[in-house]
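Each chain, letter by letter, is given below.
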Amino acid sequence: MIELRASLAGRITLAVLSTLILLFLALPIIVIVVTSFGKDAFGSFPPEAWTLGWYEQLFADGSKWPAALSLSVLVASLTTVFSLVLGITAATALVRSDLPLRSAVYGLVLAPLVIPQVVIALGLFLLFEPAAMLGSPIAIAFGHTVLASPIAVMILMATLKGIDERLEDAAASMGASRLTVWRRITFPLAAPGMIAAAIFSFITSFDEFFISQFLSSVDTVTLPVQVFNVLQYNVDPSVTAISAILIAVAVVALALVAAVRRLGGPGKQAGLLPTESAVSLPAGSETR
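Residues numbered from 1 in each chain as written. Predicted model: local features only at pLDDT ≥ 70, side-chain atom pairs only at ≥ 80, totals over all residues. Heavy atoms only, no water.

This part is about the overall build of the protein. Assigned secondary structure in the protein consists of eleven helices and zero strands. Reading the secondary structure of the protein in the N-to-C direction produces α-α-α-α-α-α-α-α-α-α-α. Counting only residues that meet the buried cut, the protein has 35% of its 288 residues in that class. Sequence-distant contacts, at least 24 apart, represent 74% of the contacts inside the protein between residues at least 6 apart. By element, 71% of the accessible surface of the protein is carried by carbon and sulfur atoms, the whole surface being about 16500 Å². (Helix = DSSP H or I, 4+ residues; strand = E, 2+ residues; numbered from the N terminus. Buried < 20%, exposed > 50% of the residue type's maximum accessible area, 1.4 Å probe, protein only. Contact = heavy atoms within 4.5 Å. Areas by Shrake-Rupley, 256 points an atom, 1.4 Å probe, with all protein chains shown as cover.)

Below, the structure written as C-alpha coordinates:
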(Lines give C-alpha, C1' and ligand atoms only; values in the text may rest on other atoms or scores of the structure.)
Protein backbone atom coordinates (compact mmCIF):
# COMPACT_ATOMS: atom_id res chain seq x y z
CA MET A 1 0.00 0.00 0.00
CA ILE A 2 2.85 2.37 0.87
CA GLU A 3 4.56 1.61 -2.44
CA LEU A 4 1.27 2.24 -4.27
CA ARG A 5 0.83 5.60 -2.55
CA ALA A 6 4.44 6.52 -3.29
CA SER A 7 3.98 5.58 -6.92
CA LEU A 8 0.72 7.52 -7.16
CA ALA A 9 2.26 10.57 -5.47
CA GLY A 10 5.24 10.37 -7.82
CA ARG A 11 2.99 10.25 -10.85
CA ILE A 12 0.97 13.23 -9.65
CA THR A 13 4.14 15.19 -8.90
CA LEU A 14 5.58 14.35 -12.32
CA ALA A 15 2.34 15.38 -14.03
CA VAL A 16 2.21 18.69 -12.14
CA LEU A 17 5.87 19.49 -12.85
CA SER A 18 5.50 18.57 -16.52
CA THR A 19 2.44 20.79 -16.84
CA LEU A 20 4.22 23.72 -15.19
CA ILE A 21 7.26 23.32 -17.46
CA LEU A 22 5.07 23.18 -20.57
CA LEU A 23 3.17 26.27 -19.46
CA PHE A 24 6.43 28.10 -18.82
CA LEU A 25 7.71 27.22 -22.30
CA ALA A 26 4.41 28.14 -23.95
CA LEU A 27 3.90 31.38 -22.01
CA PRO A 28 5.86 33.64 -24.43
CA ILE A 29 3.88 32.23 -27.35
CA ILE A 30 0.60 32.81 -25.54
CA VAL A 31 1.60 36.39 -24.69
CA ILE A 32 2.49 37.15 -28.32
CA VAL A 33 -0.75 35.71 -29.69
CA VAL A 34 -2.93 37.49 -27.13
CA THR A 35 -1.07 40.79 -27.56
CA SER A 36 -1.58 40.68 -31.33
CA PHE A 37 -5.30 41.20 -30.71
CA GLY A 38 -4.79 44.07 -28.27
CA LYS A 39 -5.68 47.63 -29.17
CA ASP A 40 -2.82 49.22 -27.23
CA ALA A 41 -0.11 50.52 -29.57
CA PHE A 42 2.57 49.62 -27.02
CA GLY A 43 1.52 46.00 -26.87
CA SER A 44 0.49 45.82 -23.22
CA PHE A 45 -0.48 42.50 -21.67
CA PRO A 46 -3.21 41.70 -20.96
CA PRO A 47 -4.92 43.98 -23.50
CA GLU A 48 -7.50 46.42 -22.23
CA ALA A 49 -9.37 46.35 -25.56
CA TRP A 50 -9.46 43.99 -28.50
CA THR A 51 -9.05 44.64 -32.21
CA LEU A 52 -8.05 43.09 -35.52
CA GLY A 53 -6.48 46.33 -36.66
CA TRP A 54 -2.89 45.09 -36.53
CA TYR A 55 -3.75 42.23 -38.87
CA GLU A 56 -5.49 44.64 -41.23
CA GLN A 57 -2.46 46.91 -41.11
CA LEU A 58 -0.26 44.08 -42.36
CA PHE A 59 -2.03 44.09 -45.73
CA ALA A 60 -2.80 47.81 -46.01
CA ASP A 61 -1.70 49.81 -49.03
CA GLY A 62 2.00 50.64 -48.89
CA SER A 63 2.76 47.92 -46.37
CA LYS A 64 6.01 45.99 -46.88
CA TRP A 65 4.73 42.88 -45.13
CA PRO A 66 2.96 41.25 -48.13
CA ALA A 67 6.11 41.44 -50.27
CA ALA A 68 8.23 40.00 -47.46
CA LEU A 69 5.68 37.25 -46.83
CA SER A 70 5.44 36.29 -50.51
CA LEU A 71 9.23 36.23 -50.83
CA SER A 72 9.56 33.99 -47.79
CA VAL A 73 6.97 31.60 -49.20
CA LEU A 74 8.76 31.56 -52.58
CA VAL A 75 12.17 30.96 -51.02
CA ALA A 76 10.82 28.30 -48.66
CA SER A 77 9.14 26.50 -51.57
CA LEU A 78 12.36 26.50 -53.61
CA THR A 79 14.30 25.35 -50.56
CA THR A 80 11.86 22.48 -50.06
CA VAL A 81 12.38 21.29 -53.64
CA PHE A 82 16.18 21.56 -53.42
CA SER A 83 16.27 19.85 -50.02
CA LEU A 84 14.10 16.96 -51.19
CA VAL A 85 16.28 16.37 -54.25
CA LEU A 86 19.45 16.39 -52.17
CA GLY A 87 17.83 14.51 -49.32
CA ILE A 88 16.50 11.67 -51.46
CA THR A 89 19.81 11.34 -53.31
CA ALA A 90 21.97 11.40 -50.18
CA ALA A 91 19.66 9.18 -48.13
CA THR A 92 19.48 6.57 -50.87
CA ALA A 93 23.26 6.54 -51.22
CA LEU A 94 23.81 6.26 -47.46
CA VAL A 95 21.18 3.58 -46.86
CA ARG A 96 20.94 1.54 -50.05
CA SER A 97 24.59 1.43 -51.21
CA ASP A 98 27.94 0.28 -49.84
CA LEU A 99 29.29 3.80 -49.67
CA PRO A 100 32.89 3.89 -48.36
CA LEU A 101 33.48 6.00 -45.23
CA ARG A 102 29.76 6.18 -44.69
CA SER A 103 30.02 7.61 -41.17
CA ALA A 104 32.37 10.34 -42.36
CA VAL A 105 30.03 11.24 -45.23
CA TYR A 106 27.06 11.27 -42.86
CA GLY A 107 28.97 13.58 -40.50
CA LEU A 108 29.79 15.87 -43.40
CA VAL A 109 26.12 16.01 -44.38
CA LEU A 110 25.14 16.98 -40.83
CA ALA A 111 27.98 19.49 -40.41
CA PRO A 112 25.80 22.57 -41.22
CA LEU A 113 23.68 21.78 -38.16
CA VAL A 114 26.61 22.19 -35.76
CA ILE A 115 28.45 25.04 -37.50
CA PRO A 116 27.29 28.49 -36.31
CA GLN A 117 24.80 29.95 -38.73
CA VAL A 118 26.66 33.26 -38.82
CA VAL A 119 29.73 31.46 -40.16
CA ILE A 120 27.65 29.73 -42.84
CA ALA A 121 25.97 33.00 -43.75
CA LEU A 122 29.32 34.78 -44.08
CA GLY A 123 30.66 32.00 -46.28
CA LEU A 124 27.61 32.15 -48.52
CA PHE A 125 27.91 35.93 -48.74
CA LEU A 126 31.52 35.62 -49.92
CA LEU A 127 30.39 32.99 -52.43
CA PHE A 128 27.45 34.85 -53.97
CA GLU A 129 28.70 38.43 -53.75
CA PRO A 130 31.29 38.13 -56.57
CA ALA A 131 28.61 36.47 -58.73
CA ALA A 132 26.27 39.45 -58.18
CA MET A 133 23.57 37.11 -56.82
CA LEU A 134 22.86 38.94 -53.56
CA GLY A 135 19.14 39.55 -53.27
CA SER A 136 18.27 36.74 -55.66
CA PRO A 137 15.58 34.37 -54.35
CA ILE A 138 17.54 31.51 -55.91
CA ALA A 139 20.66 32.45 -53.95
CA ILE A 140 18.71 32.76 -50.70
CA ALA A 141 17.04 29.40 -51.38
CA PHE A 142 20.44 27.79 -52.00
CA GLY A 143 21.64 29.22 -48.72
CA HIS A 144 18.61 27.92 -46.83
CA THR A 145 19.12 24.51 -48.46
CA VAL A 146 22.45 24.24 -46.65
CA LEU A 147 20.52 24.16 -43.35
CA ALA A 148 17.36 22.37 -44.49
CA SER A 149 18.89 19.50 -46.46
CA PRO A 150 20.58 17.81 -43.44
CA ILE A 151 17.19 17.64 -41.71
CA ALA A 152 15.64 16.15 -44.85
CA VAL A 153 18.47 13.63 -45.08
CA MET A 154 17.97 12.46 -41.49
CA ILE A 155 14.22 12.02 -41.93
CA LEU A 156 14.54 10.26 -45.29
CA MET A 157 17.30 7.95 -44.06
CA ALA A 158 15.17 6.90 -41.13
CA THR A 159 12.25 6.36 -43.52
CA LEU A 160 14.26 4.24 -45.95
CA LYS A 161 15.66 2.15 -43.10
CA GLY A 162 12.09 1.38 -42.08
CA ILE A 163 11.21 -0.04 -45.51
CA ASP A 164 11.68 -3.79 -45.90
CA GLU A 165 14.19 -4.26 -48.71
CA ARG A 166 12.74 -7.69 -49.42
CA LEU A 167 9.77 -5.97 -51.04
CA GLU A 168 12.09 -4.26 -53.48
CA ASP A 169 14.04 -7.47 -54.07
CA ALA A 170 10.81 -9.35 -54.75
CA ALA A 171 9.73 -6.78 -57.33
CA ALA A 172 13.15 -6.88 -58.99
CA SER A 173 13.09 -10.68 -59.11
CA MET A 174 9.82 -10.47 -61.03
CA GLY A 175 11.51 -8.42 -63.74
CA ALA A 176 10.73 -4.89 -62.57
CA SER A 177 13.29 -2.26 -63.49
CA ARG A 178 14.90 -0.01 -60.89
CA LEU A 179 12.65 2.85 -61.95
CA THR A 180 9.57 0.65 -61.61
CA VAL A 181 10.67 -0.59 -58.20
CA TRP A 182 11.15 2.99 -57.03
CA ARG A 183 7.86 4.17 -58.52
CA ARG A 184 5.68 1.26 -57.40
CA ILE A 185 7.34 0.12 -54.15
CA THR A 186 9.80 2.57 -52.60
CA PHE A 187 8.07 5.85 -53.38
CA PRO A 188 4.63 4.91 -51.94
CA LEU A 189 6.22 3.56 -48.76
CA ALA A 190 8.55 6.54 -48.41
CA ALA A 191 5.88 9.14 -49.20
CA PRO A 192 5.04 9.95 -45.53
CA GLY A 193 8.72 10.52 -44.80
CA MET A 194 9.09 12.69 -47.88
CA ILE A 195 6.11 14.79 -46.80
CA ALA A 196 7.58 15.19 -43.32
CA ALA A 197 10.97 16.15 -44.80
CA ALA A 198 9.27 18.71 -47.06
CA ILE A 199 7.37 20.25 -44.14
CA PHE A 200 10.44 20.57 -41.92
CA SER A 201 12.48 21.97 -44.82
CA PHE A 202 9.79 24.57 -45.44
CA ILE A 203 9.69 25.58 -41.76
CA THR A 204 13.49 25.78 -41.56
CA SER A 205 13.62 28.12 -44.55
CA PHE A 206 10.58 30.17 -43.58
CA ASP A 207 12.05 31.07 -40.17
CA GLU A 208 15.71 31.45 -41.20
CA PHE A 209 17.20 34.85 -40.38
CA PHE A 210 21.02 34.93 -40.52
CA ILE A 211 21.45 33.62 -44.06
CA SER A 212 18.57 35.77 -45.28
CA GLN A 213 20.12 38.84 -43.65
CA PHE A 214 23.48 38.28 -45.36
CA LEU A 215 22.05 37.40 -48.78
CA SER A 216 19.12 39.82 -49.00
CA SER A 217 19.10 43.25 -50.57
CA VAL A 218 17.03 46.40 -50.20
CA ASP A 219 14.39 45.13 -52.62
CA THR A 220 14.36 41.49 -51.52
CA VAL A 221 13.70 41.14 -47.80
CA THR A 222 12.31 37.99 -46.24
CA LEU A 223 9.81 38.00 -43.40
CA PRO A 224 12.27 37.40 -40.51
CA VAL A 225 14.57 40.12 -41.84
CA GLN A 226 11.63 42.52 -42.14
CA VAL A 227 10.66 41.81 -38.54
CA PHE A 228 14.24 42.58 -37.45
CA ASN A 229 14.34 45.79 -39.48
CA VAL A 230 11.07 47.00 -37.98
CA LEU A 231 12.02 46.25 -34.37
CA GLN A 232 15.47 47.74 -34.79
CA TYR A 233 14.20 51.30 -34.86
CA ASN A 234 10.80 51.32 -33.15
CA VAL A 235 8.10 49.17 -31.58
CA ASP A 236 5.49 48.27 -34.18
CA PRO A 237 2.48 46.35 -32.83
CA SER A 238 1.98 44.80 -36.27
CA VAL A 239 5.04 42.66 -35.49
CA THR A 240 2.96 40.79 -32.92
CA ALA A 241 0.40 40.03 -35.62
CA ILE A 242 3.01 38.70 -38.04
CA SER A 243 4.59 36.73 -35.19
CA ALA A 244 1.23 35.14 -34.45
CA ILE A 245 0.98 34.18 -38.13
CA LEU A 246 4.43 32.58 -37.97
CA ILE A 247 3.40 30.65 -34.88
CA ALA A 248 0.24 29.49 -36.64
CA VAL A 249 2.29 28.29 -39.62
CA ALA A 250 4.57 26.28 -37.35
CA VAL A 251 1.63 24.75 -35.47
CA VAL A 252 -0.15 23.81 -38.71
CA ALA A 253 3.06 22.28 -40.09
CA LEU A 254 3.59 20.16 -36.98
CA ALA A 255 -0.05 19.09 -37.09
CA LEU A 256 0.45 17.99 -40.70
CA VAL A 257 3.49 15.94 -39.68
CA ALA A 258 1.45 14.28 -36.93
CA ALA A 259 -1.36 13.57 -39.40
CA VAL A 260 1.10 12.06 -41.88
CA ARG A 261 2.52 9.80 -39.18
CA ARG A 262 -0.97 8.68 -38.19
CA LEU A 263 -2.05 8.03 -41.77
CA GLY A 264 1.11 6.03 -42.33
CA GLY A 265 -0.30 3.38 -40.03
CA PRO A 266 1.01 1.94 -36.76
CA GLY A 267 4.52 0.61 -37.19
CA LYS A 268 4.48 1.37 -40.89
CA GLN A 269 6.50 4.53 -40.52
CA ALA A 270 7.94 4.08 -37.05
CA GLY A 271 11.20 5.56 -38.27
CA LEU A 272 9.69 8.68 -39.75
CA LEU A 273 11.65 10.84 -37.33
CA PRO A 274 15.06 9.48 -36.35
CA THR A 275 15.78 8.76 -32.71
CA GLU A 276 19.20 7.19 -33.23
CA SER A 277 22.09 7.39 -35.65
CA ALA A 278 20.95 6.48 -39.12
CA VAL A 279 24.36 5.04 -39.97
CA SER A 280 24.80 2.81 -36.96
CA LEU A 281 24.10 -0.31 -39.05
CA PRO A 282 25.61 -1.25 -42.38
CA ALA A 283 23.33 -1.47 -45.40
CA GLY A 284 21.21 -4.57 -45.46
CA SER A 285 21.77 -5.48 -41.80
CA GLU A 286 18.64 -3.91 -40.33
CA THR A 287 16.43 -6.05 -38.17
CA ARG A 288 13.36 -7.12 -40.06
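Right, picking up where we left off after that structure.
Between helix H4 (residues 102–114) and helix H6 (residues 137–161), the shortest axis-to-axis distance is 7 Å and the interhelical angle comes to 130°. Taken together, the axes of H4 and H6 are oblique relative to one another. For the pair H4 and H6, the sense of crossing is left-handed. Contacts from Tyr 106, Val 109, Leu 110, Pro 112 and Leu 113 in H4 reach Val 146, Leu 147, Pro 150, Ile 151, Val 153, Met 154 and Met 157 in H6. Of the residues belonging to the contact of H4 with H6, the class tally is twelve nonpolar, no polar and no charged. (Axes fitted to C-alpha atoms, helices over the stretch in contact; angles between N-to-C directions. Parallel < 35°, antiparallel > 145°, perpendicular 65-115°, else oblique. Left-handed = near helix turned anticlockwise from the far one by under 90°. Nonpolar A, V, L, I, M, F, W, Y, C, P; charged D, E, K, R; others polar.)

Note that Ser 83 resides in helix H3 (residues 65–96). Judged by its relative accessible area of 0%, Ser 83 is buried. Other than its neighbours up to four places away in sequence, Ser 83 contacts Thr 145, Ala 148, Ser 149, Ala 152 and Ser 201.

Ranked by internal contacts, the top residues of the largest apolar core, which has 20 residues, are Met 157, Leu 160 and Ala 197. Listing elements by their share of this core, those giving two or more residues are H3, H4, H6 and helix H8 (178–206). Counting residues in each nonpolar core, the second largest holds 15 residues, with Trp 65, Val 227, Val 230 and Leu 246 among its members. (Core = buried A, V, L, I, M, F, W, Y, C linked by side-chain atoms within 4.5 Å.)

Within this structure, the stated rule accounts for six aromatic pairs. An angle of 35° between the planes, with centres 5.1 Å apart, marks the rings of Phe 37 and Tyr 55 as tilted. Taken together, the positions of Phe 37 in the loop between helix H1 (2–35) and helix H2 (53–58) and Tyr 55 in helix H2 put the pair 18 residues apart, joining distant regions of the chain. Judged by relative accessible area, which is 18%, Tyr 55 ranks as buried. (Phe/Tyr/Trp six-rings, centres within 6.5 Å; stacked < 30°, edge-to-face > 60°.)

On to unusual backbone geometry, then. Look at Ala 132: it is not a glycine, yet its phi comes out positive at around 55°. Structurally, Ala 132 is set in the loop between helix H5 (117–128) and H6.

What follows deals with a nonpolar patch on the surface. A surface patch of nonpolar side chains, about 570 Å² in accessible area, is lined by Leu 8, Ile 12, Val 16, Leu 17, Leu 20 and Leu 23. Here Leu 17 shows up in helix H1. (Patch = residues over 30% accessible without salt bridge, like charges linked within 9 Å, V, L, I, M, F, W, Y side chains within 5 Å. Salt bridge = Lys/Arg side-chain N within 4 Å of Asp/Glu carboxyl O.)

Let us look at empty space enclosed by the protein. Going through the model one piece at a time under the given rule, you end up with one cavity of 30 Å³ or more. Roughly 40 Å³ of volume is contained in the largest cavity. Lining the largest cavity are Ile 88, Ala 91, Thr 92, Leu 156, Leu 160, Trp 182, Ala 190 and Met 194. Classifying every residue of the lining of the largest cavity by side-chain character gives seven nonpolar, one polar and no charged. (1 Å grid on protein atoms, 1.4 Å probe; cavity = no way out; pocket = protein on both sides within 12 Å on 5 of 7 lines; lining within 4 Å. Points joined across faces, edges and corners; volume = space filled by probe spheres on them.)

It is worth spelling out helix H7 (residues 165–173) at this point. Turning to H7, its buried residues are Glu 165, Glu 168 and Ala 171. Each buried residue of H7 sits inside an arc of 120° when the element is viewed along its axis, so together they form one side. Exposed side of H7, more than 90 degrees from the buried face: Arg 166 and Ser 173 are the residues found there. Buried residues in H7 make contact with H3 and H8. Just downstream of H7, Gly 175 is the residue with a positive phi angle, here 100°. (Arc of directions from axis to C-beta.)

Positionally, Val 31 belongs in helix H1. For Val 31, a relative accessible area of 24% corresponds to the partly exposed category.

A few words on the packing of H3 against H8. The geometry of H3 relative to H8 is characterised by a closest axis approach of 9 Å and an angle of 140° between their N-to-C directions. Between H3 and H8, the interaxial angle falls into the category oblique. In this structure, H3 meets H8 at a crossing whose hand is right-handed. On H8, the residues that touch Leu 69, Ser 72, Val 73, Val 75, Ala 76, Ser 77, Thr 79, Thr 80, Ser 83, Leu 84 and Ile 88 of H3 are Trp 182, Met 194, Ala 197, Ala 198, Ser 201, Phe 202, Ser 205 and Phe 206. When the residues that make up the contact of H3 with H8 are grouped by side-chain class, the tally is twelve nonpolar, seven polar and no charged.

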